[in-house]
Amino acid sequence: MILVRKNVWKNVIIWVIISEAVGLLAGLLTRNATEIYGQMAIKPSLSPPDWLFPVVWTGLYALMGIGAGLVFSQGIHEDRNRGLNLMVGQLVVNFFWPLLFFNAQAYGIAILWLILLLVLVIWMALEFRKTSALAALLQIPYIIWLLFATYLNIAVWYLNC
């Protein structure tokens, strides 16, 4: 039993590192553009302070990674594999959203990209649930944040285009 717990924690740590690395790389690639956005863009009234975004995203990437690590630890089967494939797919889509929004300032395309991300994350959570209820529950803050981000993205598009 100790061996199983050790492997679960090892898997969780690996998936958290992978998830956080995606966020870190996206953050590094958009750092200059986010500063310009912060100074130039008209933001909606419910927009949180700029410092909050990296804090929230760090937590969300950790929750994604914990969920994926829990699912990965459940042994090889179709539901696990589908959930993990969706995890990787949503990480890829997640990675490109800030590049579209901040670097390209393609706010309209970013809305559609964010909706795609939201669909993938909901689907991922549903697949995670087949393997680990906790892994699925850990995705709820991510889904809520993506709904809020969709509102922000639509409002920024409306106010700046």
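What this report covers is the structure whose coordinates are included nearby. (Residues numbered from 1 in each chain as written. Predicted model: local features only at pLDDT ≥ 70, side-chain atom pairs only at ≥ 80, totals over all residues. Heavy atoms only, no water.)

With respect to the overall build of the protein
Okay, so step 1: Across its full length, the protein carries six helices and zero strands.
Okay, so step 2: The order of α-helices and β-strands along the protein, N terminus first, is α-α-α-α-α-α.
Okay, so step 3: Taken against the 2.2 N^0.38 rule, which gives 15 Å for 161 residues, the C-alpha radius of gyration of the protein at 17 Å falls within 12% of a compact globule.
Okay, so step 4: Sorting the 161 residues of the protein into buried and exposed places 43% on the buried side.
Okay, so step 5: Taking contacts inside the protein between residues at least 6 apart in sequence as the whole, the part at least 24 apart equals 81%.
Okay, so step 6: Total accessible area computed for the protein in this model is approximately 9,000 Å², and 73% of it derives from carbon and sulfur atoms.
Okay, so step 7: In the protein, which carries 9 positive and 6 negative side-chain charges, the distance between the mean positions of the two groups comes to 9 Å. (Helix = DSSP H or I, 4+ residues; strand = E, 2+ residues; numbered from the N terminus. Rg over C-alpha atoms; globule rule 2.2 N^0.38 Å. Buried < 20%, exposed > 50% of the residue type's maximum accessible area, 1.4 Å probe, protein only. Contact = heavy atoms within 4.5 Å. Areas by Shrake-Rupley, 256 points an atom, 1.4 Å probe, with all protein chains shown as cover. Lys, Arg positive; Asp, Glu negative; His and termini not counted. Charge placed at Lys NZ, Arg CZ, Asp CG, Glu CD.)

Quick word on unusual backbone geometry
With glycine set apart, most residues show a phi of negative sign, and most peptide bonds adopt trans.
Okay, so step 1: One non-glycine residue, Gln 105, lies in positive phi territory at about 50 degrees.
Okay, so step 2: One can find Gln 105 in the loop between α3 (78–103) and α4 (107–131).
Okay, so step 3: Taking the relative accessible area as the measure of exposure, Gln 105 reaches 43% and is therefore partly exposed.

Describing the nonpolar core
Okay, so step 1: Grouped together as the largest cluster of nonpolar side chains are 45 residues, with contacts concentrated most on Trp 57, Met 64, Met 87, Phe 101, Phe 128, Tyr 142 and Leu 146.
Okay, so step 2: Going through the elements one at a time, α1 (2–40), α2 (52–72), α3, α4, α5 (133–137) and α6 (140–160) are the ones with two or more residues in this core.
Okay, so step 3: Discounting chain neighbours no more than four positions away, the residues touching Met 87 are Trp 15, Ser 19, Met 64, Gly 65, Ala 68, Met 124 and Phe 128. (Core = buried A, V, L, I, M, F, W, Y, C linked by side-chain atoms within 4.5 Å.)

A short note on the pattern of salt bridges
Okay, so step 1: Under the criterion given, the structure shown has five salt bridges.
Okay, so step 2: Where Lys 43 meets Asp 50, a salt bridge forms, and the shortest distance between an N and an O atom there is 3.2 Å.
Okay, so step 3: Among the ionic pairs, Glu 127 bridges to Lys 130, the shortest N-O distance being 3.2 Å. Remark: Lys 130 and Glu 127 occur in helix α4; sequence separation between them is three residues, near one turn of the helix.
Okay, so step 4: Overall, the relative accessible area of 48% leaves Lys 130 in the partly exposed class.
Okay, so step 5: Each of the salt bridges in this network shares a partner with another, and the network as a whole consists of Glu 78, Asp 79, Arg 82, Glu 127 and Lys 130. (Salt bridge = Lys/Arg side-chain N within 4 Å of Asp/Glu carboxyl O.)

Some details on the packing of α2 against α3
The relative placement of two packed helices is expressed as an angle between their axes plus a distance between the axes.
Okay, so step 1: Contact geometry for α2 and α3: axes closest at 9 Å, N-to-C directions at 160 degrees. Here α2 is positioned roughly antiparallel relative to α3, judged by the angle of their axes. The element α2 and its partner α3 pack so that their crossing is left-handed. From α2, Trp 57, Tyr 61, Met 64, Gly 65, Ala 68, Val 71 and Phe 72 reach across to α3, where they touch Arg 80, Leu 84, Met 87, Gln 90, Leu 91 and Asn 94. (Axes fitted to C-alpha atoms, helices over the stretch in contact; angles between N-to-C directions. Parallel < 35°, antiparallel > 145°, perpendicular 65-115°, else oblique. Left-handed = near helix turned anticlockwise from the far one by under 90°.)

With respect to the packing of aromatic side chains
Okay, so step 1: A full pass over the atoms with the stated rule returns 13 aromatic pairs.
Okay, so step 2: Look at Trp 15 and Phe 72: their rings are 6.3 Å apart centre to centre, the planes differ by 50 degrees, and that puts the pair in the tilted class. In this pair, Trp 15 sits in helix α1 while Phe 72 sits in helix α2, placing the two residues 57 residues apart along the sequence.
Okay, so step 3: Accessibility expressed as a relative area gives 11% for Trp 15, which makes it buried.
Okay, so step 4: On the numbers, 5.9 Å between centres and 80 degrees between planes, the contact of Trp 57 with Tyr 142 is edge-to-face. Of this pair, Trp 57 sits in helix α2 while Tyr 142 sits in helix α6, and the two are 85 residues apart along the sequence.
Okay, so step 5: A relative accessible area of 1% means that Tyr 142 is categorised as buried. (Phe/Tyr/Trp six-rings, centres within 6.5 Å; stacked < 30°, edge-to-face > 60°.)

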